[in-house]
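# Results of the structural survey
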Amino acid sequence: MIMSSKTKSKSKKSETGIPASETRSFQTEVKQLLNLMIHSLYSNKEIFLRELISNASDACDKLRFASLTDKALLEDDEALGIWISVDRERKTIVIRDNGIGMDYDEVVQDIGTIARSGTRTFIEKMEAEKSSGDADFIGQFGVGFYSCFLVGRQVTLLTRKAGTPSGSGVMWSSDGTGEYTISSMDRPNRGTEIIISLKDDDSQYAEEYRLRRIIEKYSDHVSIPILMPREPEPAAEESDDAEKPETQQEEGEEWETVNKGSALWTRPKTEITEEEYSKFYSSLTYDSTPPALTIHNRVEGKMEYISLFFIPSTAPFDLWDREQRHGIKLYVRRIFISDDAKTLMPNYLRFVRGLVDCADLPLNVSREFLQQNQDIDKIRQAAVKRVLGELKKLSKSDEDAYNKLWKEFGKALKEGVVEDYENRQSIAELARFSTTKGDGESQTVSLDQYVDRMPMSQKHIYYLTAESHTAAGSSPHLEIFKKKDIEVLLLSEPIDEWFVSHVTEFRDKTLKSIAKGDLELDDLKDEEAEKKTEEEQAAQDTLVQKIKEVLDGTVKDVRFSNRLVDSPSCLIADEMDMGGNMERLLKAIGQDAPTAKPILEINPDHALIKRMNPESEELEDWAKLLFDQALLAEGATLNNPGDFVKRVNRLLIS
Ligand code: ADP
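Residues numbered from 1 in each chain as written. Predicted model: local features only at pLDDT ≥ 70, side-chain atom pairs only at ≥ 80, totals over all residues. Heavy atoms only, no water.

Core analysis: the largest hydrophobic core is formed by 73 residues, its most contacted members being I84, F145, W172 and I196. Per-element tally for this core: the top contributor is helix α2 (residues 47-67), with nine residues. Once you skip the residues sitting within four places of it in the chain, I196 turns out to touch F48, L52, K91, T92, I93, I95, C148, V151, G152, Q154 and V155. Judged by nonpolar contacts, the second largest core, of 69 residues, contains V352, Y450, M454 and I461. (Core = buried A, V, L, I, M, F, W, Y, C linked by side-chain atoms within 4.5 Å. Buried < 20%, exposed > 50% of the residue type's maximum accessible area, 1.4 Å probe, protein only. Helix = DSSP H or I, 4+ residues; strand = E, 2+ residues; numbered from the N terminus. Contact = heavy atoms within 4.5 Å.)

Structure below.
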């Protein structure tokens, strides 16, 4: 025991042999700690209430548990609760519970003694954060009770242990400066009452509405009812349907429960109706549409926690507003700790709502603690796996429902292949695409489906990225694929460029852009195209050479294409180059993109190309026109549209 206290002044002996009243000094480290609390300039002092409610709730839980084997402990007072009231005139707050209470020795040990370990570190941390810090880290070290000195000038604690006679009550009192007095007292009520006389600067806490707000924020799901004096009826008529909170009549005062307190997640899922889940979801998210998926698990073993996640039916309006968003709530034994985004769910799963309630973490853990804690990491990893797993299950059991979800959240989920290396494969399995064989613009085809229906000879998964679905669907690059009936993924969302650069393989098939590099002839060999005479070949080579000269500096190369059927030309990126679409995307978001020159491919079988005479004066106009047309077909804009118009007109009248 760390506590070293001296009896300093008057200590009368009571009949029980316990001194009736004594003044003791706090142990040195407690003194230091209290000194820091009292003079703290922390923000977030309101957390003192959370700490005291948490202690009171624990005390009720302990009593409930003990009464399972000893019913007498409940005396005649079975309805457990936490009562909170204020005296505005006197600037006091009273927090009372009818939980297990404490006996004399327990008060001396538990309230007079500081945290069992880590005290030094704690004090150092407090000192370091004195002027600028956030009081929120206080409970991390199990010194929650002392947080009442953040706002209290004088704190009095009255308590009686359940199952002991009324004469064995204890009164403890201190101004936190170095000493406390402790005495026996007669106390008919079981449980603990804490009376805080507020410092002048903190007198704003002697307002009920203020306390209600703090309770709503931190302690709403504490399962023990938190009661406050009933608010006066509003003058306006109240509708009969309005839900009235539970009330209790006591000593002439009417109390009402101010916390929702259901802690729904702590109940077994077999006992929770869909309607209850929906109601809870809506209280959490303010979304009145029931969630599409509810994922509720109790994890036991080395780490004990409960997770309850919801996937909404529709995307929230702030899905893309990363600054405003709140994440999965973290509770420790039903006490709210944090809803810091990213703590428990990665960014790409930001649409998942819900909570984790962990039995093993200290209360009031700090932000840094959450970011570095291995247990939290493990919970997050398991949460991600669980969510992805449930999505996969849904995709197999109800394709329509899954496709609806994909429509809402697919764009965010696709970010996962960049953000979450470990789960890249699962995310790729979950992804849905629109394809040349799919249902128009809707993204319903999975990579599995694509691979399943690939002909044996096909080696790659082909895709095309473009600015819009229409641009992709009408791209000249698709022509040979349509002719050969080969399916191509049509990717028109910006994130798709990142998706294909991170998922380069699926089921041993490489993903290949049809607008890059050479096409594998095995897949696409066009026998007709090969039947050319040597003369024809020579003429075509000259044409290619001439066009190359005209477009020198603009293109990397000019060559005949094996992918065009109806169009005269298209642009191709070199295998290792970025591609026009990605380049435009990066420029649009203000990033520097290396400008790689494209390759111009021309269609030797197109009437226009056949009519082109390498020796003609118009060749320059024709060559530039072929290039501009190919650019336009990609959805790009022309550098000099005026020149293009003049060129077209010249050719039209010639
Ligand atoms: P922690 O709650 O982390 O243990 P605290 O400083 O808040 O640290 O409380 C110290 C101890 O005092 C508790 O563990 C508990 O045994 C006792 N205690 C505090 N508040 C109450 C209460 N309202 N009723 C009964 N015991 C309490």
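All chains considered together, the criterion is met by 13 aromatic pairs. Look at F351 and F409: their rings are 4.2 Å apart centre to centre, the planes differ by 15°, and that puts the pair in the stacked class. Linking F351 in the loop between β14 (335-338) and β15 (353-358) with F409 in helix α9 (residues 399-414), this pair joins segments that are 58 residues apart in sequence. The buried category is assigned to F351, whose relative accessible area is 1%. Feature note: the residues F26, F145, Y146, W172 and Y180 constitute an aromatic cluster, connected by ring pairs. Positioned above the aromatic ring of W83, the side-chain terminus of R96 is 4.6 Å from the ring centre. (Phe/Tyr/Trp six-rings, centres within 6.5 Å; stacked < 30°, edge-to-face > 60°. Lys NZ or Arg CZ within 6 Å of the ring centre and 35° of its normal.)

Attention now moves to the packing of α2 against helix α5 (residues 208-218). Direction vectors running N to C along α2 and α5 enclose 65°, while the axes themselves pass 9 Å from each other. Between α2 and α5, the crossing angle belongs to the class labelled roughly perpendicular. Viewed along their axes, α2 and α5 form a crossing whose handedness is right-handed. Seen from α2, the contacting residues are I47, L49, R50 and I53; seen from α5, they are L211, I214, I215 and Y218. Residue composition of the contact of α2 with α5, by class: seven nonpolar, no polar and one charged. (Axes fitted to C-alpha atoms, helices over the stretch in contact; angles between N-to-C directions. Parallel < 35°, antiparallel > 145°, perpendicular 65-115°, else oblique. Left-handed = near helix turned anticlockwise from the far one by under 90°. Nonpolar A, V, L, I, M, F, W, Y, C, P; charged D, E, K, R; others polar.)

Across the eight residues of strand β7 (residues 191-198), seven count as buried, placing the element largely inside the fold. Examined bridge by bridge, strand β3 (residues 92-97) and β7 share five bridges and lie antiparallel to one another. The residue bridging T92 from the neighbouring strand is S197, located in β7. Summarising the sheet, strand β4 (residues 152-160) and β7 pair through eight bridges and their orientation is antiparallel. For R160, the partnering residue across the bridge sits in β7 and is G191. (Pairing = 2+ DSSP bridges.)

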